[in-house]
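Structural overview
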Amino acid sequence: MIERSKEVFVAADSSKFGTNVTINISPINNIDYIITNSYLNKNIANKFKKFNTKIILAED
């Protein structure tokens, strides 16, 4: 389904970043947007720039 989509959004709270996950949804270069809370570390957010994945920070 992801391969056929025009845009792909993933929602994950900031606690999911920087940890090993046992489920792989898709390679990061297939994800257009990640929606997360405002507690995401800026260093982690900046790592997604090289993949052209945009981070959307939800307001508290």
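Relevant structure appears above.
I will try to describe carefully the structure that is included in this document. Owing to the predicted nature of the structure, the values given are computational and were not obtained by experimental measurement. (Residues numbered from 1 in each chain as written. Predicted model: local features only at pLDDT ≥ 70, side-chain atom pairs only at ≥ 80, totals over all residues. Heavy atoms only, no water.)

The next subject is the nonpolar core. Core analysis: the largest hydrophobic core is formed by eight residues, namely Val8, Val10, Phe17, Ile31, Ile34, Leu40, Ala45 and Phe48. Setting aside its immediate chain neighbours within four residues, isoleucine 31 contacts Val8, Val10, Ser26 and Thr53. (Core = buried A, V, L, I, M, F, W, Y, C linked by side-chain atoms within 4.5 Å. Buried < 20%, exposed > 50% of the residue type's maximum accessible area, 1.4 Å probe, protein only. Contact = heavy atoms within 4.5 Å.)

Here we come to the sheet that holds strand β1 (residues 9-11). In space, the three strands of this open sheet follow the order β1-β2-β3, with parallel pairing throughout. Either end of the sheet is taken by a strand with one partner, and the two such strands are β1 and β3 (54-58). Going from strand to strand, the sheet's axes swing by 25° on average, the running direction of each strand aside. In terms of strand pairing, β1 meets strand β2 (residues 33-37) through three bridges, oriented parallel. Residue pairing across strands places alanine 11 opposite isoleucine 35, the latter belonging to β2. (Pairing = 2+ DSSP bridges. Helix = DSSP H or I, 4+ residues; strand = E, 2+ residues; numbered from the N terminus. Axes fitted to C-alpha atoms, helices over the stretch in contact; angles between N-to-C directions.)

What follows concerns the pattern of salt bridges. For the structure shown, the criterion picks out one salt bridge. With its nearest N and O atoms 3.1 Å apart, the salt bridge here joins lysine 16 to aspartate 13. With a relative accessible area of 33%, aspartate 13 lands in the partly exposed category. (Salt bridge = Lys/Arg side-chain N within 4 Å of Asp/Glu carboxyl O.)

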